[in-house]
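Single-letter residue listing:
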Amino acid sequence: MADRFDVVVAGAGHNSLVAAAYLAKAGLRCVVLEHRSVAGGNCVTEELTLPGFWHDSCASAHVIIQDSPLIRNDELGLSEMFEYIYPDVVVHLPFPDGSYLTQYRDLDRTVEQFAKFSKKDAVAYRRMMMDYESIKPIFDAVTYTPIGFGKPVNDRLAEHPDGKKWLRRSAQSAWEIIRDNFEDDHCRSFMMWMAFQTVVPPEWPTTGRNAYSLCYGRQRWSWCVPKGGSGAFTGALVKVIEAHGGVVLTDKSVGGLIVEGGKCVGVECADGSRYRADKAVLSTVHIKHLVDMAPREAWGEDFIDGVSTWQAGPTLFVTHLATSEAPRVMGDDGEYSPIAIGTMSTATRGLRMGYDYALGMPNTEDPVLLAVCPTVADPSRAPPGKHTLKIIGFQPYELVQGPEHWDAVKEQVADANLAHLRRFAPNLTPDKILSRVVESPLDLERMNPHNWHGSCHGGAQNAAQSGALRPMPGYAQHRMPIPGLYQTGGTTHPGGSISGGPGRNAAAVMLKDLGHNLDEIVARGRTQTRRLESVK
Ligand SMILES: Cc1cc2nc3c(=O)[nH]c(=O)nc-3n(C[C@H](O)[C@H](O)[C@H](O)COP(=O)(O)OP(=O)(O)OC[C@H]3O[C@@H](n4cnc5c(N)ncnc54)[C@H](O)[C@@H]3O)c2cc1C
């Protein structure tokens, strides 16, 4: 195979695949090099436990990306390759007193659930969803615009009739907003649990928008999952790249950048193979690793400082189970199995999330959990009548004894999480568990080096690492200090999660630098599709 390409892409997470797909569509010949034996990063579906049980190794919910131009406008024609499922029941939160709050895709039904606890809170929930709907186009536009390519968020908000309110809300913590809007602790717990779903502790300043946006997204799109698993999405992206002459190679760990005449002109893999780029190199290698792939002096002091002060942030702990039954909880019509179950016993338990991480100890007492059972909505992922279940807990990477201590304690933590879930889903007895695989924060890093120090989003999504500060001031526009090198993935704006934002934004910047225009390329694709349809 030729070892010369227009663009060499290091890492095949969904963001670098999204970027490569747009670049390939523009006629640039791309090669994507992936460290693992499967492309997709944290957006893959693998037979982790038993044959025939297809688990999402990390991400399942594709909520945020529903509002991206990529999916909303079907810019890459992905809708022909896989479909999304939008379950009627979004998530069920059972409480220790035997009560529960279920979010349905039907807003009125969800509002009724809040009304069981407080009429005032039911009104507040509906009002918050409506409030967010009016401002959401601004936040979406910022998410899907490269830094510096459009107006900053505060300038856009200033032009909106409610903009001043949102300037305050954006600076507040999610907790402050939830406490002020809701009086009942069940309702507050539900909102706190939701606000934590991108793993940013809801008591942190500037998390105010999460009190609205995460609930709104699930209210609108449900716990939506790709049919067949998250890998169906990344698999479709690989097909787009290949259909446009690109190549995706797995088991290719990039170990170094080729820098000639001060310019990045390719990469070298751990197996000694070298890939040269005639036009650009795009990386989704974690910035903590990237910085070691070229001489220090090539980066400049600001960049090195930005990397050395980068924080991993809150981390996840995962148990994958193959089961003979889905967890059953008590709902409005008796026992049933929702796709997602959440636990947060009280609102103030939610306030301890940040503290738990700081303690450096596994927290198994009253754990906050998310249990996702995609086979409830998509039976194709397991043998008939069987299920795949993922229990996510929130545990620190840095234990007092060091991260390696996870290998000694992870099975106990998984036991405790399962026992806690059983309090609400007692049918999940040991005989229903056919097999399990546990992934500590350390295992998540071992699996995907982009999960640096266990971070599932590339790094903390706090005020210091957001917007124009992601990954660091001066380099948020995907252009790295070494000419010819660009960065995408969760360490760049708008950050982690399945959003496709960093990928599409990086593509927009690269295409501009290479004399193209992303909007024109997308429009050209649409015209071609229309022409093909008229020929049919
Ligand atoms: C357990 C878990 C559950 C999650 N659940 C959800 C969810 O339900 N919904 C949601 O929206 N988000 C979820 N997330 C977060 C989300 O999955 C990630 O933020 C997102 O997938 C990151 O995508 P990315 O493209 O930025 O990078 P990644 O998916 O991390 O991809 C980076 C890729 O680069 C490769 N790579 C790294 N270094 C090298 C190298 N030197 N050479 C070659 N390749 C390299 C890696 O192997 C990887 O394939 C979850 C994360 C975890 C860990």
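Residues numbered from 1 in each chain as written. Predicted model: local features only at pLDDT ≥ 70, side-chain atom pairs only at ≥ 80, totals over all residues. Heavy atoms only, no water.

### A few points about the environment of G256
Convention followed: Numbering of helices and strands starts at the N terminus; helices are DSSP runs of H or I of at least 4 residues and strands are runs of E of at least 2. A contact between two residues is defined here by any heavy atoms of the two lying within 4.5 Å.
Here G256 shows up in strand β10 (residues 254-260). Residues G256 and Q311, spaced 55 residues apart in sequence, show a C-alpha to C-alpha distance of 23 Å. Those residues within four positions of G256 in sequence are excluded, and the remaining contacts are V267, E268 and M293.

### Here we look at the site of the ligand
Inclusion rule: Whether a residue is near a molecule or strand is decided by its heavy atoms; if any one of them lies within 4 Å of it, the residue is near. What qualifies as a polar contact is a pair of N or O atoms within 3.5 Å, subject to a donor-acceptor requirement within protein and to the restriction that residues adjacent in sequence count only when both atoms come from side chains. Method for areas: the Shrake-Rupley scheme with a 1.4 Å probe, in which residue coverage is limited to the protein chains shown. Polarity classes work like this: nonpolar for Ala, Val, Leu, Ile, Met, Phe, Trp, Tyr, Cys and Pro, charged for Asp, Glu, Lys and Arg, and polar for all others, with Gly in that last group.
Around the ligand sit 35 residues in total, of which E34, N42, H450, S497 and I498 are the nearest. S497 places a main-chain nitrogen or oxygen 2.7 Å from an oxygen atom of the ligand. With respect to the ligand, the backbone of I498 contributes an N or O atom lying 2.7 Å from an oxygen atom. In the complex, 95% of the free accessible area of the ligand, which totals 1,000 Å², lies under the protein chains. Secondary structure elements with two or more residues in the shell around the ligand: α1 (14-25) and β13 (316-323). When the residues that make up the shell around the ligand are grouped by side-chain class, the tally is 14 nonpolar, 18 polar and 3 charged.

### Some remarks on the state of the cysteines
For clarity, the cut-off: Count a disulfide wherever a pair of cysteine sulfur atoms falls within 2.5 Å.
Applying the stated criterion across every chain yields a total of 0 disulfides. The closest cysteine sulfur to the non-disulfide-bonded C58 is located on C456, 8.4 Å from its own sulfur. We note that C224 lacks a disulfide partner, and the nearest cysteine sulfur, in C43, lies 11 Å from it.

### A closer look at the packing of helix α4 (residues 119-143) against helix α6 (residues 163-171)
Note the cut-off: Angular values range over 0 to 180 degrees, each being the angle between N-to-C directions of two axes fitted as lines to C-alpha atoms, with helices fitted over their stretch in contact. Geometric relationships in this document are graded by angle, where less than 35 degrees denotes roughly parallel, more than 145 denotes roughly antiparallel, 65 to 115 denotes roughly perpendicular, and other angles denote oblique.
With their axes 12 Å apart at the nearest point, α4 and α6 run at an angle of 80° to one another. Overall, the two elements α4 and α6 adopt an arrangement that is roughly perpendicular. The segment α4 lies against α6, with D131, Y132, I135 and F139 engaging W166, R169 and S170. Along the lines of polarity and charge, the residues of the contact of α4 with α6 split into 4 nonpolar, 1 polar and 2 charged.

### So, a negative patch on the surface
The condition that has to hold: Like charges are joined within 9 Å and nonpolar side chains (Val, Leu, Ile, Met, Phe, Trp, Tyr) within 5 Å, but only among residues with over 30% relative accessible area and no salt bridge; these make up the patches. We define a salt bridge as a contact between a side-chain nitrogen of Lys or Arg and a carboxyl oxygen of Asp or Glu at a distance within 4 Å. Residues scored as positive are Lys and Arg, those scored as negative are Asp and Glu, and His as well as the terminal groups of each chain are ignored. In this description, the location of a charge corresponds to atom NZ of lysine, CZ of arginine, CG of aspartate or CD of glutamate.
A grouping of D88, D106, E112, D332 and D333 is seen on the molecular surface, where their side chains present a negatively charged patch. Structurally, the position occupied by D106 is in the loop between β7 (100-104) and α3 (107-115).

### Re the domain arrangement of the protein chain
Often, the extent of an interface is quoted as the loss of accessible area on bringing the components together. Heads up, the condition is: The split of the chain into domains comes from an automatic or database domain assignment. Values labelled buried area give the accessible surface lost by two parts on being combined, using a 1.4 Å probe and summing over both.
Domains assigned within the protein chain are domain 1 (4-63 + 229-311 + 456-535), domain 2 (107-219) and domain 3 (314-447). Together, the buried faces of domain 1 and domain 3 total about 1,600 Å²; carbon and sulfur atoms form 62% of this surface. One can count 1 salt bridge joining domain 1 with domain 3. Notably, a salt bridge pairs D56 with R381, separated by 2.8 Å at the nearest N-O pair. Across the contact surface, domain 1 and domain 3 share 5 residue pairs in polar contact (both at pLDDT 80 or more). A per-class count over the side of domain 1 that touches domain 3 returns 8 nonpolar, 8 polar and 2 charged.

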